[in-house]
Amino acid sequence: MHRMFVLILPWILVLGAEATAQDWAKKLFQTYEHEFGIVARGSKQEYAFVVTNPYKEEVHISGVRSTCGCTIPHVTKDRIKTHEQAEVVVVFNTRSFLGAKGATVTVIIDEPFYAEVQLNVNGFIRSDVVFQPGAVEFGAVDVGQGATQKIAISYAGRDDWEITDVRSANENFEVTLNETSRGDGRVNYDMVVQLKPDAPAGYINDQLLIVTNDSNGGTVSLPVEGQVVAAISVSPAALFLGVLKPGQSVKKRLVVRGNKPFRIVSVRCDDDNFTFDTSDQDSKPLHFVPVEFKAKDEAGQIERKIEIVTDLGQGFSAQCVANATIKR
């Protein structure tokens, strides 16, 4: 009996370690499924599964694979340090496939432990509706400028087919729809999508829902992408200072960019343990600001807002947030 226990125990330990590694790896992901919905043939369909490393150990993604050619995955960064993020981007191939499609994407992690995480995607690719181009892509747009893009929509099937509405949860879009032709089972529309000039700075990753009079599958999604670029921006937007002991100092650097030359007037922070070097007074579109932080005696988490003030006047400033952990 004793010998049997000795033989079985290593297997129990191995299985337990594998289960622990799998659970550890799954906590890197915010979600494990995505539904593309009903999409048009040739439309651009992508989804990014965010991977965040909350652990001290560096995570290495050694590969990704898909069970179907209708889904093409790739990783934006294979090594993820503490508090860093990466993305597993899944591209839904709407040009080569039609109908109901789904796939399981396996993310393979080999450091600090071996584990596999399964992500699932599904969608339905219509053959009778085509968007040209396959997405609304505004590109980089300066704050206050706005942008427009024209999309041609083609349908082949019923003579009475029509678009009844275009919907979006994003209030910064305005859509104008114009029917250009109808006959012999074919219907064509021109759709103009406008990004309002007062849209706030940041990335745009949204969609329009094209509502039709189809009895089944009455909506078709169209992705909208772009970036509204602030007049002044600072990176990183989240400045991680690390895990420090009381009294320990750390030095970092902020990168401040503008769409025209500027000077940095001051750097504001309500914590005297931060010091900033603003001795560079040249007017230019790119500045590097050295930052030094000295940890207090009290242990715990800190989070402080840093504001960059420029000589361009009100509204031409930028902010970031600094984080640190102080441990005795």
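This is a predicted model, so every value here is computed, not measured. (Residues numbered from 1 in each chain as written. Predicted model: local features only at pLDDT ≥ 70, side-chain atom pairs only at ≥ 80, totals over all residues. Heavy atoms only, no water.)

Chemist: Which parts of the structure should I look at to understand the state of the cysteines?
Modeler: Working definition of a disulfide: a covalent bond connecting the sulfur atoms of two cysteines. Applying the stated rule across the entire model yields zero disulfides. Residue C269 stays outside any disulfide, its sulfur separated by 8.7 Å from that of C320, the closest cysteine. Classification of C269 as partly exposed rests on a relative accessible area of 21%. (Disulfide = S-S within 2.5 Å. Buried < 20%, exposed > 50% of the residue type's maximum accessible area, 1.4 Å probe, protein only.)

Chemist: Please clarify how the sheet that holds strand β20 (residues 274-276) should be interpreted in this entry.
Modeler: Backbone hydrogen bonds are what pair the strands of a sheet, in a parallel or an antiparallel way. The sheet built from four strands is open, its strands ordered β16-β18-β21-β20 with antiparallel pairing. Here the strands that pair on one side only, and so sit at the sheet edges, are β16 (232-235) and β20. Direction aside, neighbouring strands of the sheet carry axes that sit 25° apart on average. Relative to strand β18 (residues 249-262), β16 runs antiparallel, the two being bridged by four bridges. Residue S233 lies in a different strand from β18, and its bridge partner there is R257. (Pairing = 2+ DSSP bridges. Helix = DSSP H or I, 4+ residues; strand = E, 2+ residues; numbered from the N terminus. Axes fitted to C-alpha atoms, helices over the stretch in contact; angles between N-to-C directions.)

Chemist: Where do I start with the side chain of D214 in this structure?
Modeler: As for its placement among the helices and strands, D214 is situated in the loop between β14 (202-212) and β15 (219-229). Within the local environment of D214, its side chain forms a polar contact with the side chain of R126, the two groups lying 2.8 Å apart. Polar side-chain contacts of D214 include one of 3.1 Å to the side chain of T212. Not counting residues within four places of it along the chain, the set of residues in contact with D214 comprises R126, R158 and W161. (Polar contact = N/O pair within 3.5 Å; in protein donor to acceptor, adjacent residues only side chain to side chain. Contact = heavy atoms within 4.5 Å.)

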